[in-house]
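Single-letter residue listing:
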Amino acid sequence: METFLHENRFRCEFHVYLCARIMDEKELKIISGAAHVFIKYGVKSVNMDDVARHLGVSKKTLYQFVTDKEDLVKKSVSVFCQQEDNDITAICQKGLNAIDENLEIMNYVSNMIQNIHPSVAYDIEKYHPAVFRQMRNHRQSAVYNCVYQNLIKGQKEGYYRKDFKADVIAKIYISRMESLFDPSLFPATEYKVTEVYAEVFRYHVLGIASAKGAEYLQSKTKTIKQ
């Protein structure tokens, strides 16, 4: 539990910016629009003129809400991560069993990542390292929390084995997820990220499933999107 609280601190720190101030409707529309531009076209290849043009606003309007591209990338990542958190929290509040919850989250993530330009993570890491560190810390904490809670739920329901340590498995899952976007392991010219993600998901669930869980997952595999 101490480790969990320590990691969750990173998530809280990342959201200080959002919690400290509430964007008005126009600002949120601008930042959200910019996030979609980066997601579609990448980060390095898009300059402030491009963002303004895609949003149908002047650069003067854009600079009312950000100081430079670094600031825009930071705010765009914050808004994107907050929306992702909200969407996954909504799934977790549906009262599904652990495997169905995992399947729905998997489908959500698959739909999301297939629409992200393959260079986005690399561009942010190379050209906006401070933003990347914040994003990585947030993502690790958010994923850890989500997976950890799902593991505990599945153990209580009998869908997962009871002979593993949830905190260890959650961290192993994080390391696997980070490898999805490593171009040296899975170059975009050879692998579809959604297919790799589906394999990681199956590997994860089958590795922790009880006999009951494995049988239930087998009956649900038709819902897994390739």
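All values derive from a computational prediction rather than experimental measurement.

Novice: Explain the overall build of the protein to me, using residue names and the numbers behind them.
Specialist: In terms of regular secondary structure, the protein is built from 12 helices and 0 strands. For the protein, the N- to C-terminal ordering of α and β elements is α-α-α-α-α-α-α-α-α-α-α-α. Expressed as a percentage of its 226 residues, the buried residues of the protein come to 46%. Within the protein, contacts between residues at least 6 apart in sequence are counted, and of these 70% link residues at least 24 apart.

Novice: Explain the nonpolar core residue by residue, including any values.
Specialist: One broad rule of soluble globular proteins: the nonpolar side chains tend to lie buried together. Counting residues in each nonpolar core, the largest one holds 32 residues, and the members touching the most others are Leu151, Tyr160 and Tyr197. Of all hydrophobic cores here, the second largest spans 24 residues; its members include Val66, Leu72, Val77 and Ile124.

Novice: Tell me what's going on with the packing of helix H9 (residues 129–157) against helix H10 (residues 166–179), and back it up with residues and numbers.
Specialist: One way to put it is that H9 packs onto H10 with a least axis distance of 9 Å and a crossing angle of 135 degrees. Taken together, the axes of H9 and H10 lie oblique to each other. Where H9 crosses over H10, the handedness of that crossing is right-handed. Mapping the contact onto sequence places Arg136, Gln140, Val143, Tyr144, Val147, Tyr148, Leu151 and Ile152 in H9 and Ala166, Asp167, Ile169, Ala170, Lys171, Tyr173, Ile174 and Glu178 in H10. Along the lines of polarity and charge, the residues of the contact of H9 with H10 split into 11 nonpolar, 1 polar and 4 charged.

Novice: Lay out the side chain of Lys69 with the relevant residues and their values.
Specialist: Mapped onto the elements, Lys69 comes out in helix H6 (residues 69–92). Salt bridges are absent for the buried Lys69, whose nearest opposite-charge side chain, Asp50, sits at 7.4 Å. Each residue touching Lys69, except ones within four places of it in the same chain, is listed here: Phe38, Val43, Lys44, Val46, Met48 and His128.

Novice: Which residues make up the packing of aromatic side chains, and what values go with them?
Specialist: Inspection of every chain in the model, using the stated rule, returns 3 aromatic pairs. Between Tyr144 and Tyr148, the aromatic rings sit 5.7 Å apart at their centres with planes inclined by 15 degrees, giving stacked as the arrangement. Remark: Tyr148 and Tyr144 occur in helix H9; sequence separation between them is 4 residues, near one turn of the helix. Like Tyr148, Tyr144 is buried. With a centroid separation of 5.3 Å and 55 degrees between ring planes, the pair formed by Tyr159 and Tyr216 is classed as tilted. Here Tyr216 lies in helix H12 (residues 211–220) and Tyr159 lies in the loop between H9 and H10, a separation of 57 residues in the sequence.

Thresholds, definitions, all that
- Residues numbered from 1 in each chain as written.
- Predicted model: local features only at pLDDT ≥ 70, side-chain atom pairs only at ≥ 80, totals over all residues.
- Heavy atoms only, no water.
- Helix = DSSP H or I, 4+ residues; strand = E, 2+ residues; numbered from the N terminus.
- Buried < 20%, exposed > 50% of the residue type's maximum accessible area, 1.4 Å probe, protein only.
- Contact = heavy atoms within 4.5 Å.
- Core = buried A, V, L, I, M, F, W, Y, C linked by side-chain atoms within 4.5 Å.
- Axes fitted to C-alpha atoms, helices over the stretch in contact; angles between N-to-C directions.
- Parallel < 35°, antiparallel > 145°, perpendicular 65-115°, else oblique.
- Left-handed = near helix turned anticlockwise from the far one by under 90°.
- Nonpolar A, V, L, I, M, F, W, Y, C, P; charged D, E, K, R; others polar.
- Lys, Arg positive; Asp, Glu negative; His and termini not counted.
- Salt bridge = Lys/Arg side-chain N within 4 Å of Asp/Glu carboxyl O.
- Phe/Tyr/Trp six-rings, centres within 6.5 Å; stacked < 30°, edge-to-face > 60°.

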